[in-house]
Amino acid sequence: MKVLLFFGLVAAALADVTRFDGEKVLRLKPVLAEHVTLIRDLAESIEVDFWSPDSPELVTIDIDVDIRVPARYLSIVYTTLGQSSMAHEILIEDVQVAINRQADNGISPKELHSYTKYNTWDTVLSWINSIASSNPSLVSKQVIGNTFEGRPMTLLKLGKSSGTTKPSIFLDCGIHAREWISPAFCQWFVKEALETYGSDSQMTSLLDQMDVYVLPVFNIDGYEYSHTTNRMWRKTRSKLSGSSCLGTDPNRNFDAGWCTVGASSNPCSETFCGSTPESEIEVKNVADFIRKNKSSIKAYLTIHSYSQLLLFPYSYSYNLAADHSELMSVAQGASAALTSLYGTRYTSGPGASTIYLAAGGSDDWAYDLGVKYSYTFELRDTGYHGFLLPESQIKPTCEETMLAVKYIAAHVQKNLY
Ligand SMILES: [Zn+2]
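Residues numbered from 1 in each chain as written. Predicted model: local features only at pLDDT ≥ 70, side-chain atom pairs only at ≥ 80, totals over all residues. Heavy atoms only, no water.

Under the annotation held in an unreviewed UniProt entry, the chain carries the name Carboxypeptidase B and is attributed to Oryzias latipes. Per UniProt, the chain carries the Cofactor (unreviewed entry) text "Zn(2+)". Checking UniProt for the chain, the heading Catalytic activity (unreviewed entry) contains the comment "Preferential release of a C-terminal lysine or arginine amino acid." (UniProt positions renumbered as here; feature names shortened; annotations may be inferred.)

Dropping the structure here:
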C-alpha cells in the first residue's frame, strides 16, 4: 500500500512537469527582408519559443535566429522553410534529451550544494546562510525584499569591514529563469572571492578597498518554476488581472526607455514589459537598493546567457553612452582576459548595435542612474547547447568569466569616481 502510494505521488509530481520530447531547436539565417517576414509570420501562426533573439519583434536581417519548435509543428516549419531560400540548421535534435543530459557531472542528491551543478533555490538559500555564517569577517547578508511568491531576496555583501562606507560593485545573476549558468556563476564568484582572499593580491586588495554585493538569484520564483515545472520558463511568476498569462520579463521592466522598443505590451509575450516600470516586485526591490546606495555603487554587472557577449549601454537607443570609449576599451580588455584561458571568443559593444534594440534593461537603467561601469554578460555558449549548457561546462565557464569580472573590477578600483 505504502509503495503504491509512493508511486502514485511520484506519478502525480511527474505529470505536472512539462516535457519537450521530439522538440528541436533550429537556427534560421535571415538575409532578406522576406526571411524576416517569414519568421514573424511563423511566430504568429504557431507556438514558437524564441531562444535568440528573445522575441519575434527583435528579428532582423543578418542575425541568426534560434527557435525551439514543439514536435507537432515541425512538419509545418520544415514545409515553410523548404519553400523559402533561407538557410537553416538544427542546433538541438531533441530538447528533452538535451534536458536529460544537462546533469552530466554525476552529482547527487538534489539537496547537496555543489559549485559544479545547477542547484535548486532551496539549496542556494541554505548555501547563502551557511557561507555567511562561516565567513563573518568577509560576508554579511541582508534581505532586500520578498519575491511575488514570498521568497526572500537575499543579498550577500563581500568585503573586509572598515567601519566606513566603501565604494562597491553590484553583481546579479538569474534575472531570466532558464539561464541556469548565471546563478551558478554568482555562487562561483563568492567561492573564489572567499578562497583567494589573502592569497590573490588583486582579490585581497579589491575586498579590502571595496565591497561586492552579490544577488545569487534575482528572479527566484521563475528559477524555482524552471526547476520544478517548466525548464524553459523565462519570466517572473506574477499574476496580472485580466490576463491568463503569467509573468513579466524582468529585463524589460526597468525604467529605462520602458517599453518603447524591443519589448512587448502583450502579457503573453516572453518580452512583456509589465503593467508599469518596476511593476515586478523583484525589479523594484533591486532598483530601490541600488537607488539607496547609489553614491557607493560604482559598477553594475548582470549575468545572462547565452551568446558570449559583453554588452554595455545603450540597448534602448542607438545613441552612444557618454562613456562609450572607456566602456568599450574595458569590455575589450575583459573579453581578451576571458579568451586567454580556454579560447572562448566574446563579442563586445553597446547592446543596441551589437544585438538589437531592447528597452527596460537593468544595465541601461543603472547607467542612467549614474553607475558608470554597467555591463551585461551573456555567457556560454553560442547555441550548440543554448540554455541547456551541460553541468560539465560550469567550471570552465565560471573560471573564464572570473577573469573578465576581475579585469573590470580592477579597472573600477583604479578609476573610482
Ligand atoms: Zn537573459
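Colleague: When you look at the coordination of the zinc ion in this model, what are you seeing that I'm missing?
Modeller: In an ideal octahedron of six donors the angles at the metal are 90 or 180 degrees, and in an ideal tetrahedron of four donors they are 109.5 degrees. Looking at the zinc ion, the protein donor atoms are His 176 (ND1), Glu 179 (OE), Glu 179 (OE) and His 304 (ND1), and they sit 2.1 to 2.3 Å from it. For the zinc ion, the four donor atoms in the first shell make angles of 57 to 151° at the metal, so the coordination geometry reads as irregular. (Donors = N, O, S within 2.8 Å, 3.2 Å for Na, K, Ca; no water. Tetrahedral: all angles 85-135°; square planar, octahedral: opposite > 155°, others 65-115°.)

Colleague: What is the right way to look at the domain arrangement of the chain in this model?
Modeller: Buried accessible area, meaning the area lost when the parts come together, often serves as the stated size of an interface. Annotation of the chain at the domain level lists domain 1 (2-102) and domain 2 (121-414). One C-alpha centre belongs to domain 1, the other to domain 2; they are set 26 Å apart. With 23 residues of domain 1 in contact, the opposing surface of domain 2 contributes 30 residues. For the domain 1 face of the interface with domain 2, the top three residues by lost area are Trp 51, Asp 54 and Gln 102, together amounting to 36%. (Domains from an automatic or database assignment. Contact = heavy atoms within 4.5 Å. Buried area = accessible area lost by both parts, 1.4 Å probe.)

Colleague: Help me understand the sheet that holds strand β2 (residues 49-52) in this model?
Modeller: Backbone-to-backbone hydrogen bonds pair the strands of a sheet. The strands run either parallel or antiparallel. Pairing in this open sheet of four strands is antiparallel, and the strands run β2-β3-β1-β4 from one edge to the other. Edge positions in the sheet fall to β2 and β4 (87-92), since each of these pairs with one other strand and no more. When the angles between neighbouring strand axes are averaged without regard to direction, this sheet yields 30°. Sheet analysis places β2 next to strand β3 (residues 65-69), joined by three bridges and oriented antiparallel. The residue bridging Asp 49 from the neighbouring strand is Arg 68, located in β3. Across the face of the sheet, helix α3 (residues 74-82) comes into contact with β1 (24-29), β3 and β4 while running at roughly 20° to β1. (Pairing = 2+ DSSP bridges. Helix = DSSP H or I, 4+ residues; strand = E, 2+ residues; numbered from the N terminus. Axes fitted to C-alpha atoms, helices over the stretch in contact; angles between N-to-C directions.)

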